[in-house]
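Inside the fold
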Amino acid sequence: MAALFRFELRKLLRNKALYICLGIVLFLLIINTITAKVMDDLLAEEMAAAYAEMGMPYESSFSALSLLKGTFNNNTAIVEGVIVALIVCEDFTGDIIKNIYSKGYTRTQVYFSKMLSSFIAFFGIYLIGTIISFLLGLVLSGKLGTVGDNFALSVVCIVLIVLAYFAIYFALGIIFKKTAPAIVLSILGPTLVYILLVLIDAFIKDGKYSISDYWITGLMSNLALANVEKGFIIAGFIVPIILIAGFTCLSFFLNRRKDVK
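Here is a short report on the structure shown in this document. (Residues numbered from 1 in each chain as written. Predicted model: local features only at pLDDT ≥ 70, side-chain atom pairs only at ≥ 80, totals over all residues. Heavy atoms only, no water.)

Moving on to the overall build of the chain. Summing up its helical and strand segments, the chain has 10 helices and zero strands in all. Listing each helix as α and each strand as β along the chain from the N terminus yields α-α-α-α-α-α-α-α-α-α. Across its three principal directions, the C-alpha atoms of the chain cover 75 × 45 × 30 Å. Burial statistics for the chain: of 261 residues in total, 39% are counted as buried. Element-wise, carbon and sulfur atoms account for 70% of the exposed surface of the chain, whose accessible area totals about 13,900 Å². (Helix = DSSP H or I, 4+ residues; strand = E, 2+ residues; numbered from the N terminus. Buried < 20%, exposed > 50% of the residue type's maximum accessible area, 1.4 Å probe, protein only. Areas by Shrake-Rupley, 256 points an atom, 1.4 Å probe, with all protein chains shown as cover.)

Shown next, in the form of structure tokens:
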């Protein structure tokens, strides 16, 4: 198992796609951050005047802490889905996986070695992106920002949701074992579920509750706010844990049953 993991890690470090995806994520984060700062500056004077009329002080939401919480946005999530699919499916799209099995490694060993290597790539990109977003926000705004209600818990929930995305991406890769469907479903899957839930909300027309707010896409947006309600904190723990456990079990058992082709 250790030798197999070292093999996967060597391939990972030599994989050009990893560095390309990291570069894309950082480029998009920098562009989005600069754009957000420009828009914030343009609206600051107008918003300050409006708040002054209401007798309230205006404080910009643009800060290092707000950017830290918003690192895993749509662009980052899409690129992360792509890199996980590429890493997981690489050996299956060729005949390398047959050579690995012929050396006596089991499906379980291959499963966990690929999980570890793809997780290192996935979480490494997220962690680097988070650090860059925080530092860029600190430089551009000159302030940490307001901690707000339930800040620490909301950050923990955001990390759990990020891990849930990984569980989904990895499951799609290991189940389909082909790059194209894994990438397409990783990009469209969570978004399509969110759209479906939005349509259900529109059909129910209940102004008190919104089902879509409690899917990982909606939760990520609500947890990124300065002040986070306790309901979203609770859901931020429960929903991702269920998804992580569910998709991990599903991918593990389906991988054991599926024939190598």
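Using the criterion set out here, one finds four salt bridges in the structure. Here Glu 8 ties to Lys 114 by a salt bridge, and the two come within 3.4 Å at their closest N and O atoms. Here the residue Glu 8 occupies a position in helix H1 (residues 2–13), and Lys 114 occupies one in helix H6 (residues 107–141), the gap between them amounting to 106 residues. For Glu 8, a relative accessible area of 3% corresponds to the buried category. You can call Lys 114 buried: its relative accessible area is 1%. Bridged by salt links that share partners, the residues Glu 8, Lys 11, Asp 91 and Lys 114 form one connected network. (Salt bridge = Lys/Arg side-chain N within 4 Å of Asp/Glu carboxyl O.)

A few words on the packing of aromatic side chains. Applying the stated criterion across every chain yields a total of 16 aromatic pairs. Taking the centre distance of 5.3 Å and the plane angle of 50° together, the rings of Phe 122 and Phe 166 count as tilted. Here Phe 122 is found in helix H6, whereas its partner Phe 166 is found in helix H7 (residues 151–176), with 44 residues between them in sequence. Under the relative-accessibility criterion, Phe 166 is labelled buried at 6%. Taking the ring centre of Tyr 101 as reference, the NZ or CZ of Arg 107 above it sits at 5.8 Å. Just above the ring of Phe 92 sits the side chain of Lys 177; from NZ or CZ to the centre is 5.1 Å. (Phe/Tyr/Trp six-rings, centres within 6.5 Å; stacked < 30°, edge-to-face > 60°. Lys NZ or Arg CZ within 6 Å of the ring centre and 35° of its normal.)

Turning to the side chain of Ser 113, a few remarks are in order. The residue Ser 113 is located in helix H6 in this model. Setting aside its immediate chain neighbours within four residues, Ser 113 contacts Met 1, Leu 4, Phe 5 and Glu 8. (Contact = heavy atoms within 4.5 Å.)

Attention shifts here to the environment of Val 156. Following the sequence through the fold, Val 156 ends up in helix H7. As for Val 156 and Gly 236, which are separated by 80 residues in sequence, their C-alpha atoms are 8.5 Å apart.

With that settled, the discussion passes to unusual backbone geometry. Working note: non-glycine residues mostly have negative phi, and peptide bonds are mostly trans. Phi at Asn 150 is positive, roughly 60°, even though this residue is not glycine. Here Asn 150 lies in the loop between H6 and H7. For Asn 150, a relative accessible area of 26% puts it in the partly exposed group.

Taken together, the side chains of Ile 30, Ile 34, Val 38, Met 39, Leu 42, Leu 43, Ile 128, Ile 132, Val 139 and Leu 140 make up a nonpolar region of the molecular surface, amounting to roughly 830 Å² of accessible area. Mapped onto the nonpolar patch, the elements with two or more residues apiece are helix H2 (16–53) and H6. Here the element with the most residues in the nonpolar patch is H2; it accounts for six residues. As for its placement among the helices and strands, Met 39 is situated in helix H2. (Patch = residues over 30% accessible without salt bridge, like charges linked within 9 Å, V, L, I, M, F, W, Y side chains within 5 Å.)

With that settled, consider helix H9 (residues 216–223). Of all eight residues in H9, seven are buried; the element is thus mostly enclosed. Regarding H9, the residues found buried are Ile 216, Thr 217, Gly 218, Leu 219, Met 220, Asn 222 and Leu 223.

Okay, the environment of Ile 168 next. Counting through the fold element by element, Ile 168 comes out in helix H7. Among the residues examined, Ile 168 registers a relative accessible area of 6% and is labelled buried. Along the chain, Ile 168 and Leu 250 lie 82 residues apart, while their C-alpha atoms are 10.0 Å from each other.

The next point concerns the side chain of Asn 222. By secondary structure assignment, the location of Asn 222 is in helix H9. Exposure remark for Asn 222: the relative accessible area of 14% places this residue in the buried category. For Asn 222, the residues in contact, after removing those within four places along its chain, are Asp 213, Val 228 and Phe 232.

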